[in-house]
Amino acid sequence: MPSASTSAKNVHAAYRLARPAYAERGVDTDAAIKKALAVPISLHCWQADDVRGLETPVEGLAGGGIMSTGGYPGRARNGDEMRADLDLVLKLLPGVQRLNLHAFYAETGKKPVDRDAITPAHFSSWLDWAKEHRIGLDFNPTYFAHPKANDGFTLSSADKKIRQFWIDHGRACRHIAQHFSKKLGSPSVINHWIPDGTKDQPADRFGPRARLVESLDAVLDDKGVSGNHCVDAVEGKLFGIGSEDYVVGSHEFYYSYAQSRKVVPCLDLGHYHPTESVADKVSALLQFHPRLLLHTSRPIRWDSDHVVILDDAVRALFTEIARGGAFNRVYVALDFFDASINRIAAYVVGARATRQAILLGLLDPSKLLKAADAGGRGHERLALMEQSKSMPWGAVWDELCVRAGTPPAETWLANVANYETKVLSKRA
Ligand code: RNT
Ligand code: ZN
């Protein structure tokens, strides 16, 4: 593990050399660091336990179109273990974090409580934890991994009783999100994603979509929940495992739904055709939608939910948001789950890569680029964009980490190794 190059003294020295290089290109690195630290990133709780949830396991459940693979030891097996793991994750991450819970992480004690009956009381340990860490909580109804989701339809089911069950679940969840917001003083983003769809060509593509509109309207029609506390988002996708041909909640469906109902569209980087640019969608959607929710993820050949790395898609997305001055119009959340590697490291790699992309966006010499563009000097714009790639941004990142009191570079690996020996390796 490097120690000389990552000492605070050397990090500051490298930063002192990097700062003027950016300043010459019109970028204030101190301001970029400050802003990059302030963008909240919502950590998905489900990487800690491979998206299993805390309910009593039921045999033979369909996966709901998502799948975590791998058997690396140390998976968190209950809420306390999840929170202990997340304690360490928070220590290793610079900047403002939130926690994103799924409804099936309810803690109901010995008594099973079905999803249509969960209440804020079932999340009191999570709420205490969030208070202790002074972070906000976001929420997701869990419309999958349940006997009533086994045939692949929930809110769009043809069966009225099934539909009602999931409507009641969605409604219960919005009250929980509102409760979090009231207790923590920070609005809770609640993201509705359903797995509904079919493996092969259905004869009726209209019916489920018409029912989904009705069901979502029923979920949202609740005078007891205020938009000031509960920020609803809807997440579309192209396909899932078992819904390869038809996804009821497609992108077109949800962009239109969100606009007409004044809720927030959620864009997950893993949910598009492989060559489609999510970055390019930002400036289009923000003409019509006040806000967007972003799930950073990494699709490898399919919606595989690999750990986020600093790849072109993630960089392009946040550079676009920086160029558009739109950080106050997006909610940033992580969405990946890899059971084949140490899960604490998975969080740290993915969350750091996301914040690095945010920082890189803020270090973009946008003023010069836009001037070159406006002046018709396309060659200059291209040259400057290429130059950006070799600028000493790593020195700025390490400085950001040190300013935030977190380990720079990859030195956090020592903390992970230590925790693995002391805690994770002892879990069966
Ligand atoms: C699934 C969606 C959704 C889930 C989480 C667990 O394709 O991306 O966001 O990953 O709700
Ligand atoms: Zn997602």
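Before going into details, it helps to say that this report is about the structure given with it. Just so you know, these numbers come straight off a predicted model, no measurement behind them.

## What about the overall build of the chain?
Then comes step 1: Each helix and strand in the chain was counted, giving 14 helices and 12 strands.
Then comes step 2: On C-alpha atoms alone, the chain measures out to a radius of gyration of 22 Å, which is about the 22 Å that the 2.2 N^0.38 rule sets for 428 residues.
Then comes step 3: When the backbone C-alpha atoms are referred to their principal axes, the chain occupies close to 65 × 55 × 40 Å.
Then comes step 4: Counting every position in the chain, which comprises 428 residues, the buried fraction comes to 54%.
Then comes step 5: Taken as a whole, the chain presents about 18,700 Å² of accessible surface, with 54% of it coming from carbon and sulfur.
Then comes step 6: Counting 52 positive and 50 negative side-chain charges, the chain places the centres of these two groups 5 Å from one another.

## Some words on helix α7 (residues 251-261)
Then comes step 1: For α7, every residue scored as buried is listed here: His 251, Phe 253, Tyr 254, Tyr 255, Tyr 257 and Ala 258.
Then comes step 2: Following α7 by one or two positions, Lys 262 adopts a phi angle in the positive range, close to 60 degrees.

## Some thoughts on the coordination of the zinc ion (ligand 2)
In an ideal octahedron of six donors the angles at the metal are 90 or 180 degrees, and in an ideal tetrahedron of four donors they are 109.5 degrees.
Then comes step 1: For the zinc ion (ligand 2), the full set of protein donor atoms is Glu 235 (OE), Asp 268 (OD), His 295 (ND1) and Asp 335 (OD), and the range of their distances to it is 2.1 to 2.2 Å.
Then comes step 2: Classification of the site at the zinc ion (ligand 2) as irregular follows from its six donor atoms and the range of 69 to 165 degrees in their angles at the metal.

## Some points on the side chain of Lys 237
Then comes step 1: Positionally, Lys 237 belongs in the loop between β6 (230-235) and β7 (246-247).
Then comes step 2: Here Lys 237 falls in the buried class, since its relative accessible area comes to 4%.
Then comes step 3: At 2.8 Å, the side chain of Lys 237 forms a polar contact with the side chain of Asp 303.
Then comes step 4: Sequence-distant contacts of Lys 237, defined by excluding residues within four places in its chain, comprise Gly 65, Ile 66, Trp 193, Val 247, Gly 249, Ser 250, His 251, His 271 and Asp 303.

## Description of unusual backbone geometry
Then comes step 1: Positive phi, normally seen in glycine, also occurs at Asp 50, with a value near 60 degrees.
Then comes step 2: Structurally, Asp 50 can be placed in the loop between β1 (41-44) and α3 (79-92).
Then comes step 3: By relative accessible area, Asp 50 is classed as buried at 8%.
Then comes step 4: Positive phi values are uncommon outside glycine, yet Asp 305 reaches one of about 55 degrees.

## Section: the environment of His 133
Then comes step 1: Counting through the fold element by element, His 133 comes out in helix α4 (residues 124-133).
Then comes step 2: His 133 sits 36 residues away from Gln 97 along the chain, and the two C-alpha atoms are 9.5 Å apart.
Then comes step 3: Not counting residues within four places of it along the chain, the set of residues in contact with His 133 comprises Asp 87 and Leu 90.

The rules behind each value
- Residues numbered from 1 in each chain as written.
- Chains lettered and ligands numbered in written order.
- Predicted model: local features only at pLDDT ≥ 70, side-chain atom pairs only at ≥ 80, totals over all residues.
- Heavy atoms only, no water.
- Helix = DSSP H or I, 4+ residues; strand = E, 2+ residues; numbered from the N terminus.
- Rg over C-alpha atoms; globule rule 2.2 N^0.38 Å.
- Buried < 20%, exposed > 50% of the residue type's maximum accessible area, 1.4 Å probe, protein only.
- Areas by Shrake-Rupley, 256 points an atom, 1.4 Å probe, with all protein chains shown as cover.
- Lys, Arg positive; Asp, Glu negative; His and termini not counted.
- Charge placed at Lys NZ, Arg CZ, Asp CG, Glu CD.
- Donors = N, O, S within 2.8 Å, 3.2 Å for Na, K, Ca; no water.
- Tetrahedral: all angles 85-135°; square planar, octahedral: opposite > 155°, others 65-115°.
- Polar contact = N/O pair within 3.5 Å; in protein donor to acceptor, adjacent residues only side chain to side chain.
- Contact = heavy atoms within 4.5 Å.

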